[in-house]
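Take a look at the letters that make up each chain.
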Amino acid sequence: MTVGTSPATVEPSAAALSSLPREVLKWLQSLDLSYSVRNVKRDFANGFLIAEIFSRYHMQDISMHTFDNGLKSTTKNDNWEQLFRFFRKHHYPISRVDFEPVMESQNGAAIALLIRIYTLLTNRTVPIFLVEDLPEEGSGMSKKGAETLLDAASPPEVIEQRDDHHGRQDAYQIFQAARQHKLAERSVPKAVAQRGEAVPLEIPEVSARSLNRNVAQMRVQQAQQVQALQKSRNTTSTSQRKSTGQVDAGQTSPGGIGFVGGKPVVDVMRPIVSGVLQENDQVMKSLDPRKDVVVSFMELCRTHVPQPTCVRVFQAITAQAHLLIDGVMKSPAEFWRVWKLLCPALVEFSERNPVFESIVSFFKTLGQLMSKEDAPLTQQLLIDGMLPSLAPLLVECPGKREPLCEVVYAYTQPQVLSRLNVLRALKESMSQMPAYVSCLSYFLPMEIQVGLQDEHLLRHYQYYALVALQSPQPSVRVAGLAMLTEVSKEFGNFAHNVLHETDTFCNLVADDWWEVQGQLMLLTGCLLEHAASVQAEGTSADKDLEAIRKTAEQRLLSVAEELMSLKGRSKVVIQIGFCSLAKGFWA
């Protein structure tokens, strides 16, 4: 019988551990890992996060680009073999016996290893409270002791009765006799006062009123009332959206927020999903007959449905997405039903999985069709419900950012103010600035593709690009340089503005990451090409601006010269330099 806990003085076994201690969890959160820990047994199985933990203490000895955050057995073996060599080199007492159960996702193995790593890296001990199991009642108590307890709890009459039978009655019978005796003693009869005569209660008769109309007439009147209510809601919704400037002149909405109509989306999707699943008898048997086919399929697609079948289902739904438009546009509740039904699959499947790609394709197609039908309503649905759901995924999964950013812009209007509103709402939903800057680096090429050359929009990207250059994370610095390169390449006016910020990014020439060096070389080549074209055209008449241009050009040349030096530079950076500087030299 479990009666309490006690702190463990020695290192506990893995099987005795069920959750991370508070001290270890706070320590992991303070390390600012690239992926948040949701399931300890699963998240630490491939060794990627273990390597990232040690990289915080041994930055020069562990290079995270040599580790892969995958689920394949080859990936796990490669990551842990690198870590094992690192453990032996630095004399950490961690052997294969310690991390092989973690690879196999055994219960408590990852927690035990994390506690040991915490102790090794912080020189702190963690008090572990283990559950103690005491013997069952009566297992360690003699018969004489039980009789003594019963004697103390029983009245004299019961004790004499037990002595007369010489122990023939068991403890349960004695206990029941004691209960009956005590109840008899405590139950004292109480006198009941006489009550007066009850006052008679007068109940009036129910008078039934005859119906002057038949059932058919009542149904007609009810349908007219519902139609009038729907018309009122549509008029109110449209007037509100027009007052806020969300509806352009001459454009009307097919239905308001309160309008309910069209065929339910589940009814549309059901024959499509069933048509594909019926080809696999094993999958049909695994579906829950108590639930709808679509709901049951989404619950089992991760574990029981083969990957090719899942892909075919989502491709079939994408091909028939136009059938869903009438329902989701007339009733936003139907859109939320689709989103809540399929959105969990974006979290469960990895970015390399074809199922994830097919789901992303469906949402992009649905967003494009909805925007053609009613662009303001589509964008409002994005801001109100989709962005809060996508923001945590954009923060925690860098590999999913690019396809999810494409999904976001599929529901966004192509006007400048609409894009800025979506970017502002996304920034409010995301808790981390580095992740937001990374998303901007994916949004910018989409802006250029649709030809949005608005000054306010481009300054928004330029501002966050310059902020990203000061980030301690190399990937964020790379994203900032990439945005400056895209803006300078496509828009000559903004290339001149970037020239004025030369001192801000030229200091990155001493950066140790080759990705930062390569992106800096691309930006340098782009700006040198712009400066050469301006000099050839002779368009600058202001002497001060000409002096600034020449100073910036000399600074860029020195950056290019230093990046092209062979001492300690990557060959990839030198190749990028030759390609990016070629146009500038010819110009």
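Residues numbered from 1 in each chain as written. Predicted model: local features only at pLDDT ≥ 70, side-chain atom pairs only at ≥ 80, totals over all residues. Heavy atoms only, no water.

Glancing now at the packing of helix H4 (residues 73-89) against helix H5 (residues 96-103). Here H4 crosses H5 at 160°, and the two axes come no closer than 11 Å. The angle between H4 and H5 places the two elements in the roughly antiparallel class. The handedness of the crossing between H4 and H5 is right-handed. Here Lys76, Asn77, Trp80, Glu81 and Phe84 of H4 come into contact with H5, specifically with Arg96, Phe99, Val102 and Met103. Residues that form the contact of H4 with H5 fall into these classes: five nonpolar, one polar and three charged. (Axes fitted to C-alpha atoms, helices over the stretch in contact; angles between N-to-C directions. Helix = DSSP H or I, 4+ residues; strand = E, 2+ residues; numbered from the N terminus. Parallel < 35°, antiparallel > 145°, perpendicular 65-115°, else oblique. Left-handed = near helix turned anticlockwise from the far one by under 90°. Contact = heavy atoms within 4.5 Å. Nonpolar A, V, L, I, M, F, W, Y, C, P; charged D, E, K, R; others polar.)

Moving on: the side chain of Ser55. Structurally, Ser55 is set in helix H3 (residues 48-57). Judged by its relative accessible area of 8%, Ser55 is buried. (Buried < 20%, exposed > 50% of the residue type's maximum accessible area, 1.4 Å probe, protein only.)

Another aspect to go through is the confidence of the model for the protein. Here the protein shows a mean pLDDT of 76. Residues at 70 or above account for 70%. In this model, residues 131-146 is a region of pLDDT below 50 whose contacts with residues beyond four sequence positions or in other chains number 17 contacts. (pLDDT = per-residue confidence, 0-100.)

A separate point is the environment of Trp513. The residue Trp513 is located in the loop between helix H25 (502-505) and helix H26 (514-537) in this model. Sequence-wise, Trp513 and Ser475 are 38 residues apart; in three dimensions their C-alpha atoms are separated by 9.4 Å.

What follows deals with the environment of Gln368. Its location among the elements puts Gln368 in helix H17 (residues 354-373). Given a relative accessible area of 44%, Gln368 falls into the partly exposed group. As a C-alpha pair, Gln368 and Tyr409 span 41 residues in sequence and 9.2 Å in three-dimensional space.

Moving on, we get to the nonpolar core. Core analysis: the largest hydrophobic core is formed by 115 residues, its most contacted members being Phe297, Leu346, Tyr411, Phe443 and Phe505. With 10 residues, the single largest contributor to this core is helix H18 (residues 375-396). Look past the residues within four positions of Phe297 in its chain and what remains in contact with it is Val273, Leu277, Leu287, Val305, Cys310, Val313 and Phe314. Counting residues in each nonpolar core, the second largest holds 37 residues, with Trp80, Phe84, Ile94 and Leu113 among its members. (Core = buried A, V, L, I, M, F, W, Y, C linked by side-chain atoms within 4.5 Å.)

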